[in-house]
Amino acid sequence: MNKGIIGLGTSLPSRRVTNEDLASTLDTSDEWIRTRTGIGARRIASDDIDVTDLATEAARNALEDAGLTAEDIGLIVVGTATGRAFPSTACVVQQKLGALNATAFDISAACSGFIFALQTARSMMDSMDKRYALVIGAEKMSSIVDWSDRSTAILFGDGAGAVVLGETKIEGLNAFELGTDGRGSALLFKELDGPIEMNGREVFKFAVRKLPEIVEKVVEKAGDTLADVDLLIPHQANLRIIDAARERLGIPEEKVIVTIDEHANTSAASIPLALQEARSQGRLRYGTKVVLAGFGAGLTWGASHITWTQGEEQA
Ligand code: COA
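Reading the values: the criteria
- Per chain, residues are indexed from 1 in the order of the written sequence.
- Per-residue local features of the predicted model are confined to residues with pLDDT of at least 70, and side-chain atom pairs are confined, for both listing and counting, to 80 or more; whole-chain, interface and lining totals are unaffected and use all residues.
- Computation of side-chain values: all heavy atoms of the structure, hydrogens and water removed.
- Every axis in this analysis is a line fitted to C-alpha atoms, fitted for helices over the stretch in contact. Angles between the N-to-C directions lie between 0 and 180 degrees.
- Numbered from the N terminus, helices here are DSSP runs of H or I no shorter than four residues, and strands are runs of E no shorter than two.
- Roughly parallel covers angles under 35 degrees, roughly antiparallel covers those over 145, roughly perpendicular covers 65 to 115, and oblique covers all other angles.
- Should the near helix be turned counterclockwise from the far one by less than a right angle, the crossing is left-handed, whereas a clockwise turn marks it as right-handed.
- Whether two residues are in contact is decided by their heavy atoms: any pair within 4.5 Å suffices.
- All amino acids are sorted into three groups, where Ala, Val, Leu, Ile, Met, Phe, Trp, Tyr, Cys and Pro are nonpolar, Asp, Glu, Lys and Arg are charged, and the leftover types, Gly among them, are polar.
- Note on terminology: a nonpolar core comprises buried Ala, Val, Leu, Ile, Met, Phe, Trp, Tyr and Cys residues joined through side-chain atoms within 4.5 Å.
- Type-normalised accessible area, obtained with a 1.4 Å probe on protein chains alone, sets the label of each residue: buried when under 20%, exposed when over 50%, and partly exposed for intermediate values.
- Boundary definitions for the domains trace back to an automatic or database domain assignment.
- A helix is expected to reach a length of 1.5 Å times the quantity of its residues less one.
- Any two strands with at least two DSSP bridges between them are considered paired.
- Nearness here has a simple test: a residue counts as near a molecule or strand if at least one of its heavy atoms is within 4 Å of that partner.
- For this analysis, a polar contact is any N or O atom pair within 3.5 Å, provided that within protein one partner can donate a hydrogen and the other can accept it, and provided that sequence-adjacent residues contribute only side-chain to side-chain pairs.
- In these tables, accessible area is a Shrake-Rupley quantity obtained with a 1.4 Å probe, and a residue counts as shielded only by the protein chains included in the view.
- Cavities and pockets are defined on a 1 Å grid built over the protein atoms alone: a cavity is a set of grid points where a 1.4 Å probe fits but cannot escape, while a pocket is an open set with protein on both sides within 12 Å along at least five of seven lines, and lining residues are those with an atom within 4 Å of any such point.
- Grid points define the cavity or pocket, and a molecule sits in it when more than half of its atoms lie within 2 Å of them.

**Q** Is there a simple way to explain the packing of helix α7 (residues 200-221) against helix α8 (residues 239-249) in this structure?
**A** Each pair of packed helices can be summarised by the angle the axes make with each other and by the distance between the axes. Where α7 meets α8, the axes come as close as 9 Å, and the angle between the chain directions of the two elements is 40°. Classified by the interaxial angle, the pair formed by α7 and α8 is oblique. Helix-helix and strand crossings are classified by hand; for α7 and α8 the assignment is right-handed. Each of Phe204, Ala207, Val208, Arg209, Leu211, Pro212, Val215 and Glu216 in α7 lies in contact with α8, whose residues at this interface are Arg240, Ile241, Ala244, Ala245, Arg248 and Leu249. When the residues that make up the contact of α7 with α8 are grouped by side-chain class, the tally is 10 nonpolar, no polar and 4 charged.

**Q** Got a minute to help me understand the nonpolar core in this structure?
**A** Buried together is how nonpolar side chains tend to be arranged in soluble globular proteins. Core analysis: the biggest nonpolar cluster contains 32 residues, and Leu118, Val163, Leu165, Ile233, Leu275 and Leu292 have the highest contact counts within it. Element by element, the count of residues in this core is highest for helix α5 (residues 113-127), at 8 residues. Each of two domains, domain 1 (3-167) and domain 2 (173-307), supplies a minimum of three residues to this core. Beyond its immediate sequence surroundings of up to four residues, Leu165 is in contact with Gly4, Ile5, Ile6, Leu118, Ala121, Arg122, Met125, Arg131, Tyr132, Ala133, Val135 and Leu173. Ranked by size, the runner-up nonpolar core spans 27 residues in total, among them Ile6, Leu63, Val78 and Val93.

**Q** Would you mind going over helix α3 (residues 51-66) with me for this structure?
**A** Residues separated by three or four positions in an α-helix point in the same direction, a consequence of the helix having 3.6 residues per turn. Counted at 1.5 Å a residue, the expected span for α3 with its 16 residues is 22 Å, and the 22 Å between its end C-alpha atoms agrees. In the core, the buried residues of α3 are packed alongside β1 (3-11), α4 (89-97), β6 (133-140) and β7 (158-167).

**Q** Sorry if this is basic, but what is going on with the sheet that holds strand β12 (residues 289-296) here?
**A** Adjacent strands of a sheet pair through backbone hydrogen bonds, lying either parallel or antiparallel. An order of β8-β13-β12-β11 is seen for the 4 strands of this open sheet, with the pairing classed as mixed. At either margin of the open sheet sits one strand with a lone partner, and together these are β8 (173-180) and β11 (231-234). When the angles between neighbouring strand axes are averaged without regard to direction, this sheet yields 10°. Inspection of the sheet shows β12 paired to strand β13 (residues 300-307) by 8 bridges, in the antiparallel sense. Residue pairing for β13: Ala293 is matched across the bridge by Ala303.

**Q** Help me out: how do you make sense of the site of the ligand in this one?
**A** Near the ligand there are 23 residues, and of these Thr28, Arg36, Gly200, Arg201 and Asn238 occur at the shortest range. Residue Trp32 places a side-chain N or O atom 3.4 Å away from a nitrogen atom belonging to the ligand. A distance of 2.6 Å separates an oxygen atom of the ligand from a polar atom in the side chain of Arg36. The fraction of the free accessible surface of the ligand (960 Å²) that becomes covered by protein chains is 75%. Assessed atom by atom at 2 Å from the grid points, the ligand resides in the largest pocket. Sorting the residues of the shell around the ligand by element identifies α2 (30-37), α6 (150-153), α7, α8 and β12 as the ones contributing at least two each. A total of 4 residues in the shell around the ligand trace back to one element, the largest contributor, which is α7. Among the residues forming the shell around the ligand, the class breakdown is 10 nonpolar, 8 polar and 5 charged. Mapping the shell around the ligand onto the domain boundaries places at least three of its residues in each of domain 1 (3-167) and domain 2 (173-307).

**Q** How should the side chain of Thr10 be read in this particular structure?
**A** By the secondary structure assignment, Thr10 is in strand β1. Take Thr10: its relative accessible area is 16%, and that puts it in the buried class. Among the polar contacts made by the side chain of Thr10, one reaches the side chain of Gln276 at a distance of 3.3 Å. Look past the residues within four positions of Thr10 in its chain and what remains in contact with it is Glu57, Ala58, Asn61, Ala160, Gly161, Pro272, Leu273 and Gln276.

Given below as structure tokens:
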């Protein structure tokens, strides 16, 4: 049975924190942050909002977009690095939504979490005979950042994005390419009670190498060509990483969705948030071919070749 995305929703905290705001407490500048990362601002959630609130709001919006109710959902998979150890973010989202017919659990794959969750949900829909699934990427990165460390604090933001998967006329989730390399586990990590720690240069080098590699692989797996891909939606960690990958792949700038200037790095939420941006720009139509590609701590990486299955079929 063909499956695809039939609903999309997001959640962004209202508080926008600019580089200048950060420069008032950190030894940094708007100029440094923009030129090194492409980031101009990020959304930061207030203390009374946690990652389950962001995830739930995104999920509600995706359900409304799909025209479904919470009881219709058979599976909830959340990619997150900022939930509690237990219960899972997905179980709390299940409760908040009242999605009592769902099986709910989290995926730990850091910034690749949304792609891992998408592939997991797609496979489980078949193996468990589930009609509808919610796939969520949600993060409150501000809760795990050391706000006195200028090398990491400037990079991250909060937010969530969710998609509803359901039966579609044509297949919407054409191919996946997922992988991990635990030898890089010391490059980007968080101890249980500590903040994010990172070897920025090494992560940068890994990302610049891995991003084009997985895009090429997933396009080949889907039996497609790079020239026929309409949009590339990369994980938003650093504009220089995105530009380097794009140049290596020979993809024109207008085919790449960039949200890092306003969202910064929202980890597992960045790809569904960028999907929403693509849709609001009118770039997602029925049949649009999109490659989603992420990378992150683990090290982990994941790409998905999708066909957009919402909207009017073109004659
Ligand atoms: N403001 C001003 N100066 C800063 C700064 C900041 N926010 N952060 C670091 N610096 C300084 C450093 O202290 C260093 O100073 P020094 O030369 O006197 O020692 C200088 O800027 C250069 O630091 P460096 O770490 O070499 O910069 P960079 O060009 O590698 O950029 C990152 C740093 C973090 C932006 C970049 O390495 C990066 O984006 N890496 C990937 C990180 C990532 O994507 N992580 C998430 C993956 S999912």
